[in-house]
Amino acid sequence: MLIYASKRFGIAVLVAITVSLLSFSLIYLSGDPAMALAGESATQEDIENIRRVYGYDQPLVVQYTNWLTKALVGDFGYSNYMRVNVADIIFARLPTTMTLGGCALLFALVLSIPLGVLAAMRPNTMIDRFALSLAVVGQALPSFWFALILVFWLGITWQVLPITGTASWLNFVMPSVALGYYITPAVMRLTRAGMLEVLTSDYIRTARAKGLRPPVVLFKHALRNAIIPVVALAAVQFGFMLGGSIVIETIFAINGLGYLAWESIQRGDLPMMQAIVLILACFYIVLTFLADMLNAFLDPRIRVG
Amino acid sequence: MSNILEVENLVVDIPVSAGMLHPVQGISFSVGRGETLCIVGESGCGKSLTALSVMDLLPSSASRNADRLILDGEDILGVDERRMSDLRGDRMGMIFQEPMTSLNPAYTIGNQLEEALLRHRNVPRQEARDRAIYLLEKVGITAAASRLRQYPHQLSGGLRQRVMIAMTLMCGPDLIIADEPTTALDVTIQAQILLLLAELQKEFHMGLMLITHDLGIVARVADRVAVMYAGQIVESGTAEKVFGNPSHPYTQGLLDCIPIPGKTKRGAHLGSISGIVPSLVGDLSGCRFHDRCDYATPECTAADVDLKAGESTDHAYRCLLSPAQCAENAKRKVPA
Amino acid sequence: MAPQDSAIIASAAAKVPTAGEVLGPSPGVILRRRIFSHAGITIGATVLILIFAVAIFAPLLAPHDPLDQDLTQKLFPPIWHDSAKATWEHPLGTDLFGRDYLSRLIYGARISLLIGFAAMLISGVIGTALGVAAGYFGGRVDMVVNFIITTRLSMPVVLVALAVVSLVGNSLWIVISVLGLLIWDRFAVVMRSSTQQVRNLDYVAAAQALGCSTTRIVMTEIMPNIVNNLIVVATLEMAHAILLEAALSFLGLGVQPPEPSWGLMVSEGKGLMFFDPWLIGIPGTALFVLVLAINLMGDGVRDVTAPEHHN
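Keep in mind that what you see is a predicted model, and the values were worked out from it rather than measured.

Reading the values: rules and limits
Residues numbered from 1 in each chain as written. Chains lettered and ligands numbered in written order. Predicted model: local features only at pLDDT ≥ 70, side-chain atom pairs only at ≥ 80, totals over all residues. Helix = DSSP H or I, 4+ residues; strand = E, 2+ residues; numbered from the N terminus. Buried ≥ 20, exposed ≤ 12 C-beta atoms within 10 Å, placed from the backbone. Pairing = 2+ DSSP bridges. Right-handed = clockwise from strand over helix to strand, strands pointing away. Expected span 1.5 Å × (residues − 1). Contact = placed C-beta atoms within 7 Å. Nonpolar A, V, L, I, M, F, W, Y, C, P; charged D, E, K, R; others polar. Domains from an automatic or database assignment. pLDDT = per-residue confidence, 0-100. Axes fitted to C-alpha atoms, helices over the stretch in contact; angles between N-to-C directions. Left-handed = near helix turned anticlockwise from the far one by under 90°. Parallel < 35°, antiparallel > 145°, perpendicular 65-115°, else oblique.

A few words now on the overall build of chain A. In terms of regular secondary structure, chain A is built from 14 helices and 2 strands. Dimensions along the principal axes, computed over C-alpha positions, put chain A at roughly 85 × 55 × 30 Å. Each of the 305 residues in chain A was classed as buried or not, and the buried ones make up 45%.

Structure below.
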């Protein structure tokens, strides 16, 4: 277990370093960062000044190391547009996005896992067909459009839910649904496929031959094994949702990381963009590492040699 | 000897795309307390489905019917799933073919053993654990106490099958059904496991219903034998009678396939039964074996053939030939 | 739920093949029969062919120039609206700038399909090359590819795409390239595991023993056996790319106005959706139907080529 964990950890660190390199290089995508920063009317002298002040004249390796060492202690530089430290505003916005992502994930799991289990227990029945249709429809629904539809019906026409902001938990209902529905098809299908496979396995027959009650067979023996790949998928999808929150937060005007990212992109606020990309990527890396560990905990074949 | 299990006219039907499959067509047998009944036949003849019918673990698409299905005096034909699950694992246990996949990979051996007892008896966990250790030792597993903490994937196939046997014994059942318990194991392990089963069966005075296609095993452990072919019992009786006086052409053919040291000539061809098992889909009539039988006559296809008594009371076979003719055929088949 | 149903029925039924089962129809016939009797494929393919035809013949089908503005005719509702302004001149109405909505929708199909297809091709080439290499060579190559896949997966797609497009500037081809470079992960993952499975089969070993070159083995022994999975992923990724393009355009960083992209149309209409909901309803539905059709195709191909998972 320790060997497995340390190996996974090593890979996670390597991935994080690579990602940091990639997000650092964002700055050179637009050409000369100093020129971009100086603006249209700047003189050659201004540009040179900026280049020196921001260290753009130093070798790339030095620039990267400087940026990374600062980033490691939580210093992502200064946003020229918002006139604040990047780190301060990011960590102020992060909880909102985490709450949104968590609610969305909860919604997705609560909907998809029971549905997947039911569909697997009664294959080719109404409930199975319903679940599969829901998955097919869900996969094809553009999230921004779905969000607008929710706003139109629930927010405007029936006025049961608030449209924008983060004032109360009610504000999170629509965004969570809009963000979470997109991952339900994948989770539902995986749960269903896993349950179908497990339910036809020999050890389920053994469990029934022991006279165990159906709920025990279903939950203790079947679901426990079928859920293992779902855990990994849920972690991966949670990472995707944080990335996808940019669309949803923009629509619902939720002051989270996604909205911040959109604002920064609109303004060309590079330090902010770099920091958000890096933080979201690292969050994903941590999540998958935790999912690996949880998998190992659930599956003794990984845990015990 | 009182019967622990009585089965009369058991029928299993399964709808398949080509029509109705009749894998088991009205078979009857009984298992006495402390008796070993071996059900013999080639793959696909309905042995496994017969076993699963008794346990009521058939696939959901299959329908089961019988005139009588009695476990220790209790009619289990019409009982609901709730009562049935009370009996399963408590009064009767089953050992399956595939030890590698028959244990849940997510739980320890101990957990799965204890669970079998805790489900049926209101006993403290410690007692269940003690019972598990006792039985693991009984089935020949060393360091039983430490095995309890191991997971199935850490054990070999032979060990897993021993664990499965211990698991069925947790509640001290009256009947054990073993469905080809050694097919998936190495040859050397096969004999050990079977002898172990036979020993335990005597020690705990249980009924044992052993399903196999290995006649060598049957000869060693069986009290009574039922030979199945294409969903029917074609010959049954005490092991002595069936092996000493095989009457049905199919039984004779099967026995002819086994080399006997000293009897079979070196280099001589072993017997074989030509042809394939008939399809069991749709309406069936006549003797199921007629197209592979050396002695078939037009009469054989005219109507279903019933089981009839052989030369002695403890012996029955399903063929139009008289006992004397059968004995004559048997002599011709096995060259002295 | 009864366990092992199919296994037992199969073992009971398989042992007794009838003449008809032995001399049944050829695999090709069976596959064709399965394809045409699969509702998902039939519906998906029909819709997809229709949309393709609309995209190809857009200049013939569109009643107006999709970019033609006429502020005197703005915000006409579609024909089914009970309104005096609804006119057959503009069956789906007009947008805020008086552009014919039907024409924009028709030309929008071109953009969605072009971006979806091109991005899928780029990502398909990258992902398949990486995945097959990893699956075939294993060892270090596999480790490196796995690392690249993990790294790619950790980058948030929408955010990186938006950032890159905003920095590099946006044109149709930049959007296509960015998407193509970002969404190859599923190709790589699926191709890697499919190749691994095929690679260990005996006929690949036989080809190696015969001294066939690696290229030959990959092209003639491995690719034909994983092409089914490739098609499935290709359809799913095409749908994915179309949705991503729509999202980017919706956020203002994909296809640029005045070009007619469905995502952009939703974005332009969202300010007026409370008064004229069809402004977002029509392009959104189009997007949904297109992606649904592609997904139905993909699921269908998976169903018919892997019958053991569906009976």
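Now that the structure has been shown, the text picks up again.
Residue and element names in this part refer to chain B. Of all 5 residues that make up strand β8 (residues 175–179), 5 are buried, and the element is covered over most of its length. Pairing geometry for β8 and strand β9 (residues 207–212), over 5 bridges, is parallel. Bridged to D179 within β9 is I211. In the classification by handedness, the crossover that spans β8, the intervening helix α7 (residues 187–204) and the parallel β9 is right-handed.

Once that is clear, we can look at helix α8 (residues 157–168) of chain C. For α8(C), which comprises 12 residues, the first-to-last C-alpha distance of 16 Å matches the rise-based estimate of 16 Å (1.5 Å per residue) to within 8%. Most of α8(C) sits inside the fold, with 11 of its 12 residues counted as buried. Against α11 (214–252), α12 (257–267) and α13 (270–298) of chain A together with α9 (172–182) and α12 (214–250) of chain C lie the buried residues of α8(C). Looking one or two residues past α8(C), G169(C) carries a phi angle of roughly 95°, positive in sign.

Now for unusual backbone geometry. In this chain, P257(C) is followed by P258(C) through a cis amide linkage whose omega measures 5°. Positive phi, normally seen in glycine, also occurs at Q159(A), with a value near 50°. By C-beta crowding, Q159(A) is classed as exposed, having 10 other C-beta atoms within 10 Å. For E180(B), which is not glycine, the phi dihedral falls at a positive 45°. With respect to the helices, strands and loops of the structure, E180(B) is situated in the loop between β8 and α7.

Opposite the 19 residues of chain A that make contact, chain B presents 25 residues. Of all the secondary structure elements, the ones that give two or more residues to the side of chain A that touches chain B are α10 (202–209), α11 and α14 (300–303) of chain A.

Our next topic: the sheet that holds β8(B). Residue and element names in this part refer to chain B. The 8 strands lie next to each other as β7-β8-β9-β3-β10-β11-β13-β12, forming an open sheet whose pairing is mixed. Edge positions in the open sheet fall to β7 (92–95) and β12 (308–309), since each of these has one partner strand only. Sheet analysis places strand β3 (residues 36–40) next to β9, joined by 5 bridges and oriented parallel. When the sheet's bridge partners are listed, V40 is paired in β9 with T212.

Chain A puts 44 residues into the contact, and the matching count from chain C is 42 residues. Put simply, the parts of the chain that give the side of chain A that touches chain C at least two residues each are α1 (2–25), α6 (126–140), α7 (143–157), α10, α11, α12 and α13 of chain A. Among the elements that make up the side of chain A that touches chain C, the one with the highest residue count is α13(A) (7 residues). Of the residues contributing to the side of chain A that touches chain C, the split by class is 32 nonpolar, 9 polar and 3 charged.

Once that is clear, we can look at the domain arrangement of chain A. Looking at chain A, the domain boundaries give domain 1 (31–73) and domain 2 (86–304). Using only C-alpha atoms to locate each centre, domain 1 of chain A and domain 2 of chain A end up separated by 40 Å.

Interpreting fine coordinate detail is not advised for predicted regions of low pLDDT. When pLDDT is averaged across chain A, the result is 87; 97% of the residues are at 70 or more. Mean pLDDT values for the elements of chain A range from 70 in helix α2 (residues 33–38) of chain A up to 93 in α10(A).

To continue, consider the packing of helix α5 (residues 86–121) of chain A against helix α8 (residues 173–180) of chain A. Residues and elements named next belong to chain A. For the pair α5 and α8, interaxial distance at closest approach is 8 Å and the crossing angle is 65°. The interaxial crossing formed by α5 with α8 has right-handed handedness. Each of L100, C103, A104, L105, F107 and A108 in α5 lies in contact with α8, whose residues at this interface are P175, S176, V177, L179 and G180. The class makeup of the residues in the contact of α5 with α8 is 9 nonpolar, 2 polar and no charged.

Since the α-helix packs 3.6 residues into each turn, any two residues three or four apart lie on the same face. Residue and element names in this part refer to chain A. Among the 11 residues that make up α12, 8 are buried, leaving the element largely enclosed by the rest of the structure. Within α12, the full set of buried residues consists of L257, G258, Y259, L260, A261, W262, S264 and I265. Just downstream of α12, G268 is the residue with a positive phi angle, here 70°.

Attention now goes to the packing of α6(A) against helix α14 (residues 278–305) of chain C. Contact geometry of α6(A) with α14(C) gives a least axis separation of 8 Å together with a crossing angle of 130°. With respect to α14(C), the element α6(A) is oriented oblique. Crossing angle aside, the handedness with which α6(A) passes α14(C) is right-handed. Taken together, the residues of α14(C) that come into contact with α6(A) (itself represented by V136(A), Q139(A) and A140(A)) are F288(C), V291(C), L292(C), N295(C), L296(C) and D299(C). Residues belonging to the contact of α6(A) with α14(C) are distributed by class as follows: 6 nonpolar, 2 polar and 1 charged.

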